[in-house]
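# Observations on the three-dimensional arrangement
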Amino acid sequence: MSPFNAWVFHKGLETLELRMRAHSGNALRLAQWLEKQSAVHNVHYPGLASSPGHQLARAQQRGFGAIVSFTVIGDREAAWRVIDETRLISITANLGDVKTTITHPASTTHARITPAQRTAAGIGENLVRVAVGLENIEDVITDLARGLDSIGANATH
C-alpha cells in the first residue's frame, strides 16, 4: 500500500465506529420494515428477534451490521423486478460503501456455484441482499417499497 493510501485508510478508521453504528441502525430499521411487507417471505438479519441467531449475536456483538437479505414472494423474476425498480439504491455486488447497494446473489456473487450448492447455502432465486448505507433510511424504504409494489403483493409502507 502506498503511503497516501495508508493515510486515507487510517483516516477512515477514525470514524469507523460512528459509521458502523449508523449502518447498523439503518439496517435494523429496514429489516423491521421488511418483516411487515406482504411481498416479503422472510428477512435475514441478526438484529431481529425473529432471527435464529439473534441471541448469539446479542451476546457477541454491539451492533448487527449493515447487511440485510430477504426473500420475496415469487421467483427470480420477482426478485429482479424489485431490484430493477429501485432508483436511489445502486445495483451492485459490492459491499461496504456509504451508499446503499442491492444485489441478486444467485446471479452475481454466488453464480459460479451449482444450483444445488446455492440451495444448500440458502441462496434461492428469490433472495435479495441489501448492504445498507448512510442515507436517510426513509428514502431507502421508499425506494424498496417501489420495487416491492412492482411485484403486486400489496406491500404496505
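Description of the structure in this document. (Residues numbered from 1 in each chain as written. Predicted model: local features only at pLDDT ≥ 70, side-chain atom pairs only at ≥ 80, totals over all residues. Heavy atoms only, no water.)

### Side note on the overall build of the chain
In plain terms, the rule: Think of it this way: any DSSP run of H or I at least four residues long counts as a helix, any run of E at least two long counts as a strand, and we number them from the N terminus. With the radius of gyration taken over C-alpha atoms, the globule rule is written as 2.2 Å times the number of residues to the power 0.38. Think of it in three bands: residues with accessible area under 20% of the maximum for their type are buried, residues over 50% are exposed, and the middle band is partly exposed, with areas taken using a 1.4 Å probe on protein chains only. We call two residues contacting when some pair of their heavy atoms lies within 4.5 Å.
Of regular secondary structure, the chain possesses 6 helices and 5 strands. Secondary structure elements of the chain occur, N-terminal to C-terminal, as α-α-β-α-β-α-β-β-α-β-α. The C-alpha atoms of the chain give a radius of gyration of 16 Å, which matches the 15 Å a tight globule of 157 residues would have. Along the first, second and third principal axes, the C-alpha atoms of the chain reach 50 × 35 × 30 Å. When the 157 residues of the chain are sorted by exposure, 37% land in the buried category. Partitioning the contacts of the chain with sequence separation of at least 6, the portion at a separation of at least 24 is 68%.

### Some words on the pattern of salt bridges
Note the following rule: By convention in these notes, a salt bridge is any Lys or Arg side-chain nitrogen within 4 Å of a carboxyl oxygen on Asp or Glu.
Under the defined criterion, the tally for this structure stands at 8 salt bridges. Glu14 is the partner of Lys11 in a salt bridge, and the nearest nitrogen-oxygen pair spans 3.3 Å. A salt bridge links Glu17 to Arg62; its shortest N-O distance comes to 3.8 Å. One end of the pair, Glu17, is in helix 2 (residues 16-35); the other, Arg62, is in the loop between helix 3 (54-60) and strand 2 (67-72), with 45 residues separating them in the sequence.

### Remarks on the pairing of strand 5 (residues 127-131)
To keep it simple, the criterion reads: A pair of strands counts as paired when DSSP detects no fewer than two bridges linking them.
Of all 5 residues in strand 5, 5 are buried, a share of seventy percent or more. Covered by surrounding structure in strand 5 are Leu127, Arg129 and Ala131 together with Val128 and Val130, the residues of both alternating faces. Here strand 2 runs beside strand 5; their pairing, made up of 5 bridges, is antiparallel. When the sheet's bridge partners are listed, Phe70 is paired in strand 5 with Val128. Bridge count between strand 4 (residues 101-103) and strand 5: 3 bridges; the pairing is antiparallel. The residue bridging Ile102 from the neighbouring strand is Val130, located in strand 5.

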